[in-house]
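Observations on chain architecture
The primary structure of each chain is shown beneath.
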Amino acid sequence: MGNTSSMLTQYDIEEVQSHCHDLFEQQEILSLYQRFCQLDRNAKGFISADEFLSVPEFAMNPLSQRLLKMVDGLNFKDFVAFLSAFSAKASLRQKVQLIFKVYDSDCNGKVSFKDIMEVLRDLSGSFMSDEQREQVLRQVLKESGYTSDSFLTLEDFIKIFGSSRPEMDVEIPVD
């Protein structure tokens, strides 16, 4: 499976399915493999940050730099695992884990007021001032029972997102 010029065997497909908690059908995995091979221009068996940036939707995403830290150097199995959070079959926990990782840029398992402010800055750009972002964030945290001194964990994120199921489903085109 490391050599992207080879075809996937049935064993490889089943291994990837198992690794991704059976969120993708075999045909979807084959389609993802074709896309992976297209992105892996040098057939190294992994996708670099530059190769990810060749996807226009990814490059235009205001959070692309944060996402690049998560995807740089992924092999096929990890590429599919990363994408599994975008599956319609993914659980709330799987979706929120990805969102949490975007906010937890230092990977310490906690998200601070500063971490959230950085993401808000990435998302809103020059449309909001830091003062406006801070005011909105303080209000949202207050309504959720937190303060600007709180450190949010994955479980806190699950509690906050629990009633609103994040919409991040992507359909995998099957040839």
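All figures in this text were calculated on a predicted structure; none of them were measured in a lab.

Digging into the environment of Tyr146
- Within the secondary structure, Tyr146 is located in the loop between helix H9 (130–143) and helix H10 (154–161).
- Excluding residues that lie within four positions of it along the chain, Tyr146 makes contacts with Leu141, Leu152, Asp156, Lys159 and Ile160.
- Of note is the side chain of Tyr146, whose polar atom sits 3.0 Å from the side chain of Asp156.

Some details on the layout of surface pockets
- In this structure, the largest pocket encloses a volume near 890 Å³.
- Looking at the largest pocket, it is lined by 28 residues, and the ones nearest its centre are Phe58, Phe82, Leu83, Phe86 and Val170.
- Put simply, the parts of the chain that give the lining of the largest pocket at least two residues each are helix H2 (26–39), helix H4 (56–60), helix H6 (76–84) and helix H7 (92–103).
- In terms of residues, the lining of the largest pocket owes the most to one element, H2, which gives 6 residues.
- Within the lining of the largest pocket, the residues separate by chemical class into 20 nonpolar, 4 polar and 4 charged.
- Of the residues that make up the lining of the largest pocket, three or more belong to each of domain 1 (10–89) and domain 2 (91–166).
- By volume, the second largest pocket amounts to about 360 Å³.
- Around the second largest pocket sit 16 residues that line it, and Ala81, Phe82, Gln97, Leu98 and Lys101 are the ones nearest its centre.
- Listing elements by their share of the lining of the second largest pocket, those giving two or more residues are H6 and H7.

Details of the domain arrangement of the chain
- In terms of domains, the chain is made up of domain 1 (10–89) and domain 2 (91–166).
- Of note, the centres of domain 1 and domain 2, computed from C-alpha atoms alone, are 25 Å apart.
- At the junction of the two partners, domain 1 supplies 13 residues and domain 2 supplies 14 residues.
- Interface area for domain 1 against domain 2, summed over the two sides, is near 1,100 Å², with a carbon-plus-sulfur share of 60%.
- A salt bridge links Asp122 to Arg66; the nearest nitrogen and oxygen atoms lie 2.9 Å apart.
- Run the count over domain 1 and domain 2 and you get 5 residue pairs in polar contact (both at pLDDT 80 or more).
- No other element matches the 3 residues that helix H5 (residues 64–71) contributes to the side of domain 1 that touches domain 2.

Conventions adopted
Residues numbered from 1 in each chain as written. Predicted model: local features only at pLDDT ≥ 70, side-chain atom pairs only at ≥ 80, totals over all residues. Heavy atoms only, no water. Helix = DSSP H or I, 4+ residues; strand = E, 2+ residues; numbered from the N terminus. Contact = heavy atoms within 4.5 Å. Polar contact = N/O pair within 3.5 Å; in protein donor to acceptor, adjacent residues only side chain to side chain. 1 Å grid on protein atoms, 1.4 Å probe; cavity = no way out; pocket = protein on both sides within 12 Å on 5 of 7 lines; lining within 4 Å. Points joined across faces, edges and corners; volume = space filled by probe spheres on them. Nonpolar A, V, L, I, M, F, W, Y, C, P; charged D, E, K, R; others polar. Domains from an automatic or database assignment. Buried area = accessible area lost by both parts, 1.4 Å probe. Salt bridge = Lys/Arg side-chain N within 4 Å of Asp/Glu carboxyl O.

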